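Chain residues, written in single-letter form:
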Amino acid sequence: MPKKTKKEIIRSPKGMHDMLSGDIRYLERIIDMAKEIAEFYGFLPIQTPHLEHAELFSRPLGEMSEVVEKQMYTFRTKGGDLLALRPEATAQIMRAYSESGMNSWPHPVKLFYYGSFFRHENPQKGRFREFRQFGLETLGETDPVTDAIIIKIFYLILHELGFENILIRINSIGDKECRPYYKKELANYYKKKFNYLCKDCKRRLKENPLRLLDCKEESCIELKAKAPQMIDHLCDECKTHFKGVLEFLDEAEIPYMLDNYLVRGFDYYGRTVFEIFIENSESPAKEASNEGKENNHEKAPIAIALGGGGRYDELMAILGEKILPAVGGAFGLERIIFEMKRLGLQPRRVAQPRVFLIQIGSTAKKRGFSLMEELREERIPVGESLSRDNLKTQLNIAAKIGVRFALIIGQKEAMEGSVIIRNMDEGTQEVVMQNKLIEKIKAGLKK
Ligand code: AMP
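Calculation rules
Numbers given to residues run from 1 along each chain, matching the order in which its sequence is written. The predicted origin of the model limits local features to residues at a pLDDT of at least 70 and limits the giving and counting of side-chain atom pairs to 80 or more, whereas totals for whole chains, interfaces and linings rest on all residues. Heavy atoms throughout the structure, all of them, feed into the side-chain values; hydrogens and water do not. Only heavy atoms are used to decide nearness, and a residue is near a molecule or strand if one of them lies within 4 Å of it. Whenever a nitrogen or oxygen atom comes within 3.5 Å of another N or O atom, the pair is scored as a polar contact, on the condition that within protein one atom can donate a hydrogen and the other can accept it, and that pairs from neighbouring residues in sequence are kept only if both atoms are in side chains. The accessible surface values rely on the Shrake-Rupley method and a 1.4 Å probe; as for residues, cover is taken only from the protein chains in view. Numbered from the N terminus, helices here are DSSP runs of H or I no shorter than four residues, and strands are runs of E no shorter than two. Put simply, Ala, Val, Leu, Ile, Met, Phe, Trp, Tyr, Cys and Pro go in the nonpolar bin, Asp, Glu, Lys and Arg in the charged bin, and everything else, Gly too, in the polar bin. For every residue, the accessible area (1.4 Å probe, protein chains only) is compared with the maximum for its type, and the residue is labelled buried under 20%, exposed over 50%, or partly exposed between those bounds. The directions considered for the arc are those from the helix axis to the C-beta atoms. The criterion used for residue contact is that any of the two residues' heavy atoms lie within 4.5 Å. Between rings of Phe, Tyr and Trp, where Trp is taken as its six-membered ring, a pair exists when centres lie within 6.5 Å; planes separated by under 30 degrees are stacked, by over 60 edge-to-face, and by other angles tilted. Charges are assigned to positions over rings by a cutoff of 6 Å between ring centre and Lys NZ or Arg CZ, combined with an angular limit of 35 degrees from the ring normal.

In the vicinity of the ligand there are 15 residues, among which Arg119, Glu121, Phe128, Gln133 and Arg264 approach most closely. Measuring from an oxygen atom of the ligand, one finds a side-chain N or O atom of Arg119 at 2.8 Å. A distance of 2.8 Å separates a nitrogen atom of the ligand from a polar atom in the backbone of Phe128. Here the ligand loses 95% of its free accessible area of 480 Å² to cover by the protein chains. Among the secondary structure elements, those contributing two or more residues to the shell around the ligand are β6 (130–139), β10 (303–311) and β11 (326–332). Looking at the shell around the ligand element by element, the count peaks at three residues for β10. Looking at side-chain class alone, the shell around the ligand contains five nonpolar, five polar and five charged residues.

The next point concerns helix α14 (residues 391–401). For α14, the set of buried residues is Gln394, Leu395 and Ala398. What you see down the axis of α14 is that its buried residues fit within an arc of 100°, all on one side. Exposed residues on α14 whose side chains face more than 90 degrees from its buried face are Lys392 and Lys400. Contact partners of the buried residues in α14: β12 (355–359), β14 (405–409) and β15 (418–423). Capping the start of α14, Asn390 holds a side-chain oxygen 2.8 Å from the backbone nitrogen of Lys392, two or three residues further along.

Next up on the list: helix α5 (residues 90–99). Of all ten residues in α5, seven are buried, a share of seventy percent or more. All buried positions along α5 are accounted for by Thr90, Ala91, Gln92, Ile93, Met94, Ala96 and Tyr97.

Inspection of every chain in the model, using the stated rule, returns nine aromatic pairs. A centroid spacing of 6.5 Å and a plane angle of 40° characterise the contact between Phe117 and Phe131, whose relative ring orientation is tilted. Taken together, the residues span a long stretch of sequence, with Phe117 in strand β5 (residues 109–118) and Phe131 in strand β6 at a distance of 14 residues. The pair formed by Phe117 and Phe131 is uniform in burial state, with each residue classed as buried. Directly above the aromatic system of Phe117 lies the positively charged group of Arg86, at a separation of 4.2 Å from the ring centroid. For the cation-ring pair, Arg169 lies above Phe277, with the distance from its terminal atom to the ring centre recorded as 4.6 Å.

Next comes the structure, spelled out in structure tokens:
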């Protein structure tokens, strides 16, 4: 491997990025809202490690899945274990359920999480190699209301953040009884079109024909338009289950669209699958869409996928454990931030300083240093520039921030234990003793 140049070393690796305070204010607003709603619905927090045994993902996600096939960061440890940076959380949460004895908890077990995930993808708008997700999982329940609650919470989070035109695309991909028949039909259909398939799909056809419906290649998207649909092959149980989910969505007036070709990237899904979009006819961000799905809907709106999920009743069995019905989903947080900024939605508000502390001279600096803490304990947002000594510089900063009062401590005030309160709007000043200061500021700020 050629050595990196000095310049390359101080650049983040491809697809990785720093998140700075501007974006973090959005992130915090999303997480605060998501936590509040998830906790209201009885979900408990969980944090899982960033590293796992690679097989925890490759088995349930499917060796042929895009993520395992191309995107998983794996490495061998010095001890010889094959580990992976987590590309998603669901398999981890199943592992945690089994390992942490959650089978003895009251069921269903409802969990939420957020954090970084890693996929070695081609970076583009809305697609990174390290990205953040917020997710929900309900373990140990088949009732369709659990699927609907997951979808409803995702919907509510977006709605409460101020998003309009939220659209859920939903499908049922059947269970292990009826899906195999559909897969066969699908394989027969695609075999006849073999020569038109992309290189990857030619290979995928043998392993899992469902995966072809998820292909992003233009030619394969075209072929999909006439492919058989799962909905026509659902067994009675799956049909009833799907109908149940849709009825709850209707009850909650959640806008959804049946998408008969929606499959998800991972093998472990069964029955309900869904994706969440913001409909946006003028969106310049189509390329950021997870799927850009041109599906069977004549006029599919241009939309960006903010999240997705589904039911995965077979996952635990794939991991070699007792069967555990479950449903869940995840939001891509960078994508929500991007859309919030684009649509002018509000980030988390941080209390702006309404008072600014100014000190002149070394004794005053020490007084100011302690006074900051008194003001913090009183929850008075205060700005400072303790490292500066010049009065004019500090006054300028205070004016720039737009505070109501400047608290000025000079040599004289430091000696006698007083503070000058300067009203920045009126330009008036008043000297108060420090023991009366808090009272005075609070009264002044109330006016
Ligand atoms: P998935 O885990 O693939 O079902 O993805 C769930 C959501 O995570 C997607 O709808 C995206 O919003 C987001 N997401 C997935 N992959 C990426 C990525 N590489 N970069 C940014 N967001 C992503």
